[in-house]
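# Examining the three-dimensional arrangement
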Amino acid sequence: ALVTGGSRGLGLEIAEGLAEAGAHVWITARRPQWLDPALEHLRQGGARADAVACDIGDPAQVERLIGHLDAQAATIDILVNNAGLTWAASPEAMPIERWRQVLDVNVTAAFLLARALAPGMRARGYGRIVNVASIAGKEGNPMAAAYSASKASVIALTKAIGKDLAGTGV
């Protein structure tokens, strides 16, 4: 299983649960200072776990992550797109760079990872892609236009990918 944003919070909890269920868990996070202790925590709990520092908002780093998994012969049957980013600002004060960063981490990375891992899942006839969204994607949150838009996109992306992969075991 691959869990993005797996160094703390919900991502670490998901990684722990997957490890308890018997999965070899790979976690990613941008910051090694959170990633390394999370990996140690998982291993101390008996998990088969590995970690890769990766800013999933950067397509080149996502490509390197996939290359690393391939080089390690890691078969990813479960992808949990959990990593998320927000930036609090009114629409008129939102810097376009922050808008793009939120969408890149929350939506584009989920797409890139699903696109990279779904073919292997399809070939094996089994896989699970779990995208973590938010009620903000349905309701919108004040001072969080980018986050709300990104989570609405995650909901639609999940539905579309689900339809594309229907009947494949993924």
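This structure is a prediction, so every number in the text was calculated from the model and none was measured. (Residues numbered from 1 in each chain as written. Predicted model: local features only at pLDDT ≥ 70, side-chain atom pairs only at ≥ 80, totals over all residues. Heavy atoms only, no water.)

### Regarding the environment of Trp 99
Mapping Trp 99 onto the fold places it in helix α4 (residues 96-124). You can call Trp 99 partly exposed: its relative accessible area is 29%. As for Trp 99 and Ala 149, which are separated by 50 residues in sequence, their C-alpha atoms are 9.7 Å apart. Contact partners of Trp 99, with chain neighbours within four places excluded, come to Met 94, Ala 145, Ala 146 and Ala 149. (Helix = DSSP H or I, 4+ residues; strand = E, 2+ residues; numbered from the N terminus. Buried < 20%, exposed > 50% of the residue type's maximum accessible area, 1.4 Å probe, protein only. Contact = heavy atoms within 4.5 Å.)

### Things to note about the pattern of salt bridges
According to the stated counting rule, one finds two salt bridges in the structure shown. A salt bridge links Arg 43 to Asp 50, with the shortest nitrogen-to-oxygen separation between them at 3.1 Å. Looking at Asp 50, the relative accessible area reads 22%, which means it is partly exposed. A salt bridge links Arg 124 to Asp 77; its shortest N-O distance comes to 3.0 Å. With Arg 124 in helix α4 and Asp 77 in the loop between α3 (59-71) and β4 (78-81), this residue pair connects regions lying 47 residues apart in the sequence. For Arg 124, a relative accessible area of 41% gives the class partly exposed. (Salt bridge = Lys/Arg side-chain N within 4 Å of Asp/Glu carboxyl O.)

### Quick word on α3
Helix length check: α3 (13 residues) gives 18 Å between terminal C-alpha atoms against 18 Å at 1.5 Å per residue, within 8%. Two or three places before Ala 60, at the start of α3, stands the capping residue Asp 58, its side-chain oxygen 2.9 Å from that residue's backbone nitrogen. Once α3 ends, the next one or two residues include Ala 73, with phi positive near 55 degrees. (Expected span 1.5 Å × (residues − 1). Polar contact = N/O pair within 3.5 Å; in protein donor to acceptor, adjacent residues only side chain to side chain.)

### Observations regarding the nonpolar core
Grouped together as the largest cluster of nonpolar side chains are 31 residues, with contacts concentrated most on Leu 2, Leu 69, Leu 79 and Ile 129. Of all elements in the fold, only α3, α4 and α6 (145-165) reach the threshold of two or more residues within this core. The dominant element in this core, judged by the number of residues it contributes, is α4, at 10 residues. In this structure, Ala 15, Leu 18, Ala 23 and Val 132 belong to the second largest nonpolar core, which totals 18 residues. (Core = buried A, V, L, I, M, F, W, Y, C linked by side-chain atoms within 4.5 Å.)

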